[in-house]
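# Fold and contact review
Listed below are the residues making up each chain.
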Amino acid sequence: MSFPLMVFAAGFGTRMGALTANRPKPLILVAGKPLLDHALDLADQAGAGPVVVNTHYLADQIARHLAGRPVTLSHEADEILETGGGLRKALPHLGDGPVMTLNSDAVWTGQNPLSQLVAQWDPERMDALLLLLPVGQATGHKGTGDFLIGADGRIARAKGAPGLVYLGAQILRCEGLAGVDRTVFSLNILWDEMIGRGRAFGIVHDGGWCDVGRPEGIAEAEAMLGV
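What this report covers is the structure whose coordinates are included nearby.

## Observations regarding empty space enclosed by the protein
Inspection of every chain in the model, using the stated rule, returns 1 cavity of 30 Å³ or more. Looking at the largest cavity, the residues that line it are Gly-140, Lys-142, Asp-211, Gly-213, Arg-214, Glu-216, Gly-217 and Glu-220. The greatest single-element share of the lining of the largest cavity, amounting to 3 residues, is contributed by helix H6 (residues 216–225). The residue makeup of the lining of the largest cavity, split by class, is no nonpolar, 3 polar and 5 charged.

Have a look at this one:
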């Protein structure tokens, strides 16, 4: 089984400070490889396709970097559309079924996160399947957890309690995007609807994960990777 994949790469990367003054965050090097390539390597290994990468900030650099590769660009020219708006704009390239999404600002160890999601996806029960880690195991993460997981695998909002961190990887049904009456919006809107219907699930990643959203995250990620 394979799924189309949306890789989110449009942000300004402001938390990176001077590192993103002249370079988009997805092209920052970790262990000698751009963050975006770490993400696309996971996609290749998992057999994901088609693959779409959204762009906005310094989009020409990402376009040049991906030239000749089997990746479609979804350029958000006027403004960043956030995760929900960006995914909706890219849907013509992703088909009508469930879609995987992956943030481009993290590195992983252990099992391929996309393959892990595919192996656990149950279309009879699920509208969303999110990959999570306990907050104490999420390297580079600042703050509390995002979700709690019940014994049946269904998720609920953590609401400030120590919980599990969403790692930026999921499988999601996208039909609900059409009904959102705004241009710029987060996928939290869909998640909350799915949680309310008991159709949102989570699994714990079998491996390590590091958020590379701040400059110190580069060293933390390289240490986790053993380089």
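The rest of the description comes next.
## A look at the layout of surface pockets
Of the volumes computed, that of the largest pocket is approximately 860 Å³. In terms of lining, the largest pocket is formed by 32 residues, of which the most central are Arg-15, Lys-25, Thr-83, Asn-103 and Asp-105. Among the elements of the structure, helix H3 (82–90), strand E11 (164–172), helix H5 (188–196) and strand E13 (209–211) are those that each provide at least two residues to the lining of the largest pocket. The biggest single contributor to the lining of the largest pocket is E11, with 5 residues. Classifying every residue of the lining of the largest pocket by side-chain character gives 13 nonpolar, 12 polar and 7 charged. Counted as a void, the second largest pocket has a volume near 170 Å³. Mapped by element, the contributors of at least two residues to the lining of the second largest pocket are helix H1 (35–46) and strand E7 (106–108). By residue number, the principal contributor to the lining of the second largest pocket is H1, which donates 5 residues. Partitioned by chemical class, the residues of the lining of the second largest pocket number 8 nonpolar, 2 polar and 2 charged.

## Considerations on the environment of Ala-21
Secondary-structure assignment places Ala-21 in the loop between strand E1 (5–8) and strand E2 (29–30). The exposure class of Ala-21 is partly exposed, given its relative accessible area of 45%. In this structure the C-alpha to C-alpha distance between Ala-21 and Leu-58, which are 37 residues apart in sequence, comes to 9.7 Å.

## Points about helix H2 (residues 59–66)
Burial in H2 covers these residues: Ala-59, Ile-62 and Leu-66. On an axial view of H2, the arc spanned by its buried residues comes to 60°, and they lie on one face. Looking at the buried positions of H2, the neighbouring elements they touch are H1, strand E4 (51–55) and strand E5 (72–75).

## Considerations on the side chain of Asp-127
One can find Asp-127 in the loop between helix H4 (113–120) and strand E8 (128–134). Assessed through its relative accessible area of 9%, Asp-127 is described here as buried. Within the structure, the side chain of Asp-127 is placed 3.0 Å from the side chain of Arg-197, a separation counted as a polar contact. Apart from residues lying up to four places away in sequence, Asp-127 is in contact with Trp-121, Ile-171, Leu-172, Arg-173, Met-194, Arg-197 and Arg-199.

## Overview of the packing of aromatic side chains
For the structure on display, the rule yields 4 aromatic pairs. On the basis of an interplanar angle of 75° and a centroid distance of 5.8 Å, the ring pair of Phe-147 and Trp-191 is categorised as edge-to-face. Highlighted residues: Phe-147 in strand E9 (residues 147–149) and Trp-191 in helix H5, separated in sequence by 44 residues. A relative accessible area of 1% places Phe-147 in the buried class. The rings of Phe-147, Tyr-166 and Trp-191 are connected pair by pair, giving a single aromatic cluster.

## Structural notes on the packing of H1 against H4
Where H1 meets H4, the closest approach of the two axes is 8 Å, and the angle between their N-to-C directions is 40°. For the element pair H1 / H4, the angle class is oblique. For the pair H1 and H4, contact is made by Leu-42, Ala-43 and Ala-46 and by Pro-113, Leu-114 and Ser-115, respectively.

## Regarding the nonpolar core
Within the largest apolar cluster, 37 residues are counted, with the highest numbers of intra-cluster contacts made by Leu-5 and Trp-108. Ranked by the residues each element gives to this core, the list is headed by H1, at 6 residues. The residues touching Leu-5, leaving out its near neighbours within four places in the chain, are Ala-43, Ala-48, Pro-50, Val-51, Val-52, Leu-94, Met-100, Thr-101, Leu-102 and Leu-114. Phe-8, Ala-128, Leu-190 and Met-194 belong to the second largest nonpolar core, which has 25 residues in total.

Here is what the cut-offs are and how they apply
Residues numbered from 1 in each chain as written. Predicted model: local features only at pLDDT ≥ 70, side-chain atom pairs only at ≥ 80, totals over all residues. Heavy atoms only, no water. 1 Å grid on protein atoms, 1.4 Å probe; cavity = no way out; pocket = protein on both sides within 12 Å on 5 of 7 lines; lining within 4 Å. Points joined across faces, edges and corners; volume = space filled by probe spheres on them. Helix = DSSP H or I, 4+ residues; strand = E, 2+ residues; numbered from the N terminus. Nonpolar A, V, L, I, M, F, W, Y, C, P; charged D, E, K, R; others polar. Buried < 20%, exposed > 50% of the residue type's maximum accessible area, 1.4 Å probe, protein only. Arc of directions from axis to C-beta. Contact = heavy atoms within 4.5 Å. Polar contact = N/O pair within 3.5 Å; in protein donor to acceptor, adjacent residues only side chain to side chain. Phe/Tyr/Trp six-rings, centres within 6.5 Å; stacked < 30°, edge-to-face > 60°. Axes fitted to C-alpha atoms, helices over the stretch in contact; angles between N-to-C directions. Parallel < 35°, antiparallel > 145°, perpendicular 65-115°, else oblique. Core = buried A, V, L, I, M, F, W, Y, C linked by side-chain atoms within 4.5 Å.

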